[in-house]
Amino acid sequence: MTSPGLRERKKARTRAAIREHALRLFEEQGYAATTVDQIAEAADVSPSTFFRYFPTKEDVVLADDYDPLLLQALREQPADVHPVEAVKRAIRQVFSAVSAEDWAVERRRQGILQSVTDLRARALHQYTSTMGQLAGAVAERAGLPADDFSARVLAGAVMGVCLAALPGGAMSFDEREFVNLDRALDLLQAGLPLEP
(Lines give C-alpha, C1' and ligand atoms only; values in the text may rest on other atoms or scores of the structure.)
Protein backbone atom coordinates (compact mmCIF):
# COMPACT_ATOMS: atom_id res chain seq x y z
CA MET A 1 0.00 0.00 0.00
CA THR A 2 1.45 3.36 -1.03
CA SER A 3 1.39 6.47 1.12
CA PRO A 4 -1.00 9.23 0.08
CA GLY A 5 0.54 11.96 -2.05
CA LEU A 6 0.80 15.64 -1.17
CA ARG A 7 -2.54 16.48 -2.80
CA GLU A 8 -4.39 13.72 -0.91
CA ARG A 9 -2.78 14.77 2.38
CA LYS A 10 -3.77 18.40 1.78
CA LYS A 11 -7.35 17.37 1.01
CA ALA A 12 -7.46 15.23 4.16
CA ARG A 13 -6.19 18.16 6.25
CA THR A 14 -8.79 20.52 4.76
CA ARG A 15 -11.58 18.01 5.39
CA ALA A 16 -10.40 17.47 8.97
CA ALA A 17 -10.20 21.24 9.58
CA ILE A 18 -13.73 21.77 8.28
CA ARG A 19 -15.04 18.98 10.51
CA GLU A 20 -13.09 20.22 13.54
CA HIS A 21 -14.44 23.78 13.24
CA ALA A 22 -17.94 22.50 12.57
CA LEU A 23 -17.92 20.26 15.66
CA ARG A 24 -16.59 23.11 17.78
CA LEU A 25 -19.31 25.47 16.55
CA PHE A 26 -22.02 22.83 17.02
CA GLU A 27 -20.84 22.34 20.61
CA GLU A 28 -20.57 26.08 21.33
CA GLN A 29 -23.73 27.41 19.74
CA GLY A 30 -25.81 24.36 18.87
CA TYR A 31 -26.22 22.40 15.67
CA ALA A 32 -29.32 24.24 14.41
CA ALA A 33 -27.84 27.69 15.07
CA THR A 34 -24.65 26.97 13.14
CA THR A 35 -24.56 27.81 9.44
CA VAL A 36 -22.37 26.52 6.64
CA ASP A 37 -21.08 30.07 6.15
CA GLN A 38 -19.93 30.19 9.79
CA ILE A 39 -18.20 26.83 9.46
CA ALA A 40 -16.49 27.85 6.22
CA GLU A 41 -15.31 31.13 7.73
CA ALA A 42 -13.95 29.39 10.85
CA ALA A 43 -12.12 26.83 8.69
CA ASP A 44 -10.81 29.58 6.39
CA VAL A 45 -12.40 28.08 3.28
CA SER A 46 -15.13 29.25 0.94
CA PRO A 47 -18.66 27.83 1.20
CA SER A 48 -18.12 26.18 -2.20
CA THR A 49 -15.02 24.45 -0.79
CA PHE A 50 -17.10 23.29 2.18
CA PHE A 51 -19.60 21.71 -0.22
CA ARG A 52 -16.83 19.92 -2.12
CA TYR A 53 -16.00 18.05 1.08
CA PHE A 54 -19.47 17.75 2.63
CA PRO A 55 -22.62 17.91 0.46
CA THR A 56 -24.67 19.25 3.39
CA LYS A 57 -24.17 20.52 6.92
CA GLU A 58 -25.63 17.21 8.15
CA ASP A 59 -22.89 15.29 6.37
CA VAL A 60 -20.19 16.87 8.57
CA VAL A 61 -21.66 14.77 11.39
CA LEU A 62 -23.11 11.87 9.41
CA ALA A 63 -20.12 11.03 7.21
CA ASP A 64 -18.46 7.99 8.74
CA ASP A 65 -14.81 7.79 7.74
CA TYR A 66 -14.49 4.28 9.16
CA ASP A 67 -17.05 2.43 7.02
CA PRO A 68 -14.82 2.29 3.91
CA LEU A 69 -11.89 1.14 6.04
CA LEU A 70 -14.00 -1.57 7.69
CA LEU A 71 -15.28 -2.82 4.34
CA GLN A 72 -11.74 -2.96 2.95
CA ALA A 73 -10.49 -4.79 6.04
CA LEU A 74 -13.38 -7.24 5.71
CA ARG A 75 -12.54 -7.91 2.07
CA GLU A 76 -8.93 -8.62 3.06
CA GLN A 77 -9.86 -11.35 5.55
CA PRO A 78 -9.00 -14.90 4.41
CA ALA A 79 -11.81 -16.54 2.45
CA ASP A 80 -11.93 -19.55 4.80
CA VAL A 81 -12.76 -17.37 7.83
CA HIS A 82 -16.46 -17.42 8.80
CA PRO A 83 -18.09 -14.13 7.68
CA VAL A 84 -19.03 -13.10 11.22
CA GLU A 85 -15.51 -13.82 12.46
CA ALA A 86 -14.19 -11.82 9.49
CA VAL A 87 -16.36 -8.86 10.58
CA LYS A 88 -14.99 -9.11 14.12
CA ARG A 89 -11.42 -9.18 12.85
CA ALA A 90 -12.05 -6.22 10.53
CA ILE A 91 -13.51 -4.15 13.39
CA ARG A 92 -10.50 -4.86 15.59
CA GLN A 93 -8.02 -4.24 12.76
CA VAL A 94 -9.45 -0.83 11.89
CA PHE A 95 -10.15 0.47 15.36
CA SER A 96 -6.88 -0.71 16.88
CA ALA A 97 -5.10 1.62 14.43
CA VAL A 98 -7.12 4.73 15.37
CA SER A 99 -5.08 7.43 17.14
CA ALA A 100 -6.16 8.93 20.46
CA GLU A 101 -6.78 12.24 18.66
CA ASP A 102 -9.06 10.58 16.11
CA TRP A 103 -10.90 8.75 18.91
CA ALA A 104 -11.59 12.11 20.53
CA VAL A 105 -12.97 13.57 17.28
CA GLU A 106 -15.13 10.50 16.76
CA ARG A 107 -16.53 10.69 20.30
CA ARG A 108 -17.45 14.33 19.71
CA ARG A 109 -19.08 13.47 16.36
CA GLN A 110 -21.08 10.66 17.94
CA GLY A 111 -22.13 12.91 20.83
CA ILE A 112 -23.56 15.49 18.44
CA LEU A 113 -25.15 12.77 16.33
CA GLN A 114 -26.93 11.37 19.38
CA SER A 115 -28.05 14.78 20.65
CA VAL A 116 -29.74 16.02 17.44
CA THR A 117 -33.00 14.21 16.65
CA ASP A 118 -32.93 14.94 12.90
CA LEU A 119 -29.39 13.60 12.62
CA ARG A 120 -30.27 10.42 14.53
CA ALA A 121 -33.19 9.81 12.18
CA ARG A 122 -31.03 10.26 9.12
CA ALA A 123 -28.30 8.06 10.61
CA LEU A 124 -30.82 5.23 10.97
CA HIS A 125 -31.67 5.67 7.31
CA GLN A 126 -27.96 5.43 6.47
CA TYR A 127 -27.78 2.02 8.12
CA THR A 128 -29.69 0.66 5.11
CA SER A 129 -26.94 1.85 2.78
CA THR A 130 -24.23 0.53 5.09
CA MET A 131 -26.02 -2.80 5.27
CA GLY A 132 -26.04 -2.99 1.46
CA GLN A 133 -22.32 -2.26 1.30
CA LEU A 134 -21.63 -4.86 3.98
CA ALA A 135 -23.72 -7.41 2.06
CA GLY A 136 -21.70 -6.68 -1.07
CA ALA A 137 -18.41 -7.25 0.78
CA VAL A 138 -19.69 -10.47 2.36
CA ALA A 139 -20.87 -11.73 -1.04
CA GLU A 140 -17.57 -10.75 -2.68
CA ARG A 141 -15.58 -12.72 -0.08
CA ALA A 142 -17.77 -15.77 -0.71
CA GLY A 143 -17.62 -15.48 -4.51
CA LEU A 144 -21.36 -14.80 -4.69
CA PRO A 145 -23.28 -12.22 -6.72
CA ALA A 146 -23.39 -8.77 -5.08
CA ASP A 147 -27.16 -9.04 -4.52
CA ASP A 148 -27.03 -12.54 -2.96
CA PHE A 149 -29.96 -13.07 -0.58
CA SER A 150 -27.97 -14.94 2.09
CA ALA A 151 -25.28 -12.22 2.10
CA ARG A 152 -27.97 -9.54 2.56
CA VAL A 153 -29.56 -11.48 5.41
CA LEU A 154 -26.20 -12.00 7.11
CA ALA A 155 -25.36 -8.30 6.72
CA GLY A 156 -28.74 -7.36 8.20
CA ALA A 157 -28.16 -9.70 11.12
CA VAL A 158 -24.67 -8.25 11.75
CA MET A 159 -26.02 -4.69 11.65
CA GLY A 160 -28.91 -5.60 13.97
CA VAL A 161 -26.62 -7.32 16.44
CA CYS A 162 -24.25 -4.33 16.44
CA LEU A 163 -27.11 -1.89 17.02
CA ALA A 164 -28.45 -4.04 19.85
CA ALA A 165 -25.03 -4.33 21.50
CA LEU A 166 -24.35 -0.59 21.56
CA PRO A 167 -26.22 1.79 23.86
CA GLY A 168 -28.43 3.97 21.69
CA GLY A 169 -27.12 2.18 18.59
CA ALA A 170 -23.95 4.27 18.41
CA MET A 171 -20.40 3.89 19.63
CA SER A 172 -18.82 6.17 22.18
CA PHE A 173 -15.59 4.26 21.51
CA ASP A 174 -15.18 2.84 24.97
CA GLU A 175 -13.24 -0.45 25.23
CA ARG A 176 -16.28 -2.10 26.86
CA GLU A 177 -18.20 -1.55 23.64
CA PHE A 178 -15.70 -3.68 21.75
CA VAL A 179 -16.15 -6.41 24.35
CA ASN A 180 -19.93 -6.18 23.89
CA LEU A 181 -19.56 -6.19 20.09
CA ASP A 182 -17.37 -9.30 20.23
CA ARG A 183 -19.85 -10.98 22.55
CA ALA A 184 -22.82 -10.04 20.35
CA LEU A 185 -21.12 -11.23 17.17
CA ASP A 186 -20.10 -14.47 18.93
CA LEU A 187 -23.77 -15.03 19.77
CA LEU A 188 -24.71 -14.44 16.14
CA GLN A 189 -22.04 -16.82 14.91
CA ALA A 190 -23.27 -19.46 17.39
CA GLY A 191 -26.86 -19.17 16.09
CA LEU A 192 -28.07 -16.70 18.74
CA PRO A 193 -28.54 -19.06 21.68
CA LEU A 194 -29.99 -17.33 24.75
CA GLU A 195 -27.39 -16.81 27.46
CA PRO A 196 -28.30 -17.38 31.13
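Conventions adopted
Residues numbered from 1 in each chain as written. Predicted model: local features only at pLDDT ≥ 70, side-chain atom pairs only at ≥ 80, totals over all residues. Heavy atoms only, no water. Helix = DSSP H or I, 4+ residues; strand = E, 2+ residues; numbered from the N terminus. Buried < 20%, exposed > 50% of the residue type's maximum accessible area, 1.4 Å probe, protein only. Polar contact = N/O pair within 3.5 Å; in protein donor to acceptor, adjacent residues only side chain to side chain. Contact = heavy atoms within 4.5 Å. Axes fitted to C-alpha atoms, helices over the stretch in contact; angles between N-to-C directions. Parallel < 35°, antiparallel > 145°, perpendicular 65-115°, else oblique. Left-handed = near helix turned anticlockwise from the far one by under 90°. Nonpolar A, V, L, I, M, F, W, Y, C, P; charged D, E, K, R; others polar. Phe/Tyr/Trp six-rings, centres within 6.5 Å; stacked < 30°, edge-to-face > 60°.

**Q** Describe in detail the side chain of T34, supporting the description with residues and values.
**A** Turning to its location among the elements, T34 is positioned in the loop between α1 (6–29) and α2 (36–43). A residue is classified by how much of its surface remains accessible, and T34, at 1% relative accessible area, is buried. Polar contacts involving the side chain of T34 include one to the side chain of Q29, which spans 3.2 Å. Setting aside residues up to four positions removed in sequence, T34 forms contacts with L25, F26, Q29, I39 and K57.

**Q** Break down the packing of helix α9 (residues 149–165) against helix α10 (residues 175–189) for me, citing the residues and quoting the values.
**A** One way to put it is that α9 packs onto α10 with a least axis distance of 9 Å and a crossing angle of 140°. What the angle tells us is that α9 and α10 run oblique. For the crossing formed where α9 meets α10, the hand is right-handed. Here A157, V158, V161, C162 and A165 of α9 lie close against α10, whose contacting residues are N180, L181, A184, L185 and L188. A class-by-class count of the residues in the contact of α9 with α10 yields nine nonpolar, one polar and no charged.

**Q** Lay out unusual backbone geometry with the relevant residues and their values.
**A** Despite not being glycine, D44 shows a phi value in the positive range, around 60°. Assignment of secondary structure puts D44 in the loop between α2 and α3 (47–53). Exposure remark for D44: the relative accessible area of 70% places this residue in the exposed category.

**Q** Report on the environment of S96, specifying residues and quantitative values.
**A** Structurally, the position occupied by S96 is in helix α6 (residues 83–96). A relative accessible area of 61% means that S96 is categorised as exposed.

**Q** Quick one: what's the story with the packing of aromatic side chains, residue by residue and with numbers?
**A** This structure, assessed with the given rule, holds seven aromatic pairs. Aromatic side chains F95 and F178 sit 5.6 Å apart centroid to centroid with 50° between the ring planes, which places their arrangement in the tilted category. Of this pair, F95 sits in helix α6 while F178 is found in helix α10, placing the two residues 83 residues apart along the sequence. You can call F178 buried: its relative accessible area is 4%. Here W103 and F178 contribute two aromatic rings whose centre-to-centre distance is 6.0 Å and whose plane-to-plane angle is 70°, an arrangement assigned as edge-to-face.

**Q** Now, about the packing of helix α5 (residues 66–75) against α6: what can you tell me, with residues and values included?
**A** The N-to-C vectors of α5 and α6 enclose an angle of 130°; their axes lie 8 Å apart at closest approach. Between α5 and α6, the crossing angle belongs to the class labelled oblique. Crossing geometry of α5 relative to α6 is assigned as right-handed. Mapping the contact onto sequence places Y66, L69, L70, A73 and L74 in α5 and P83, A86, V87, A90, I91, Q93, V94 and F95 in α6.

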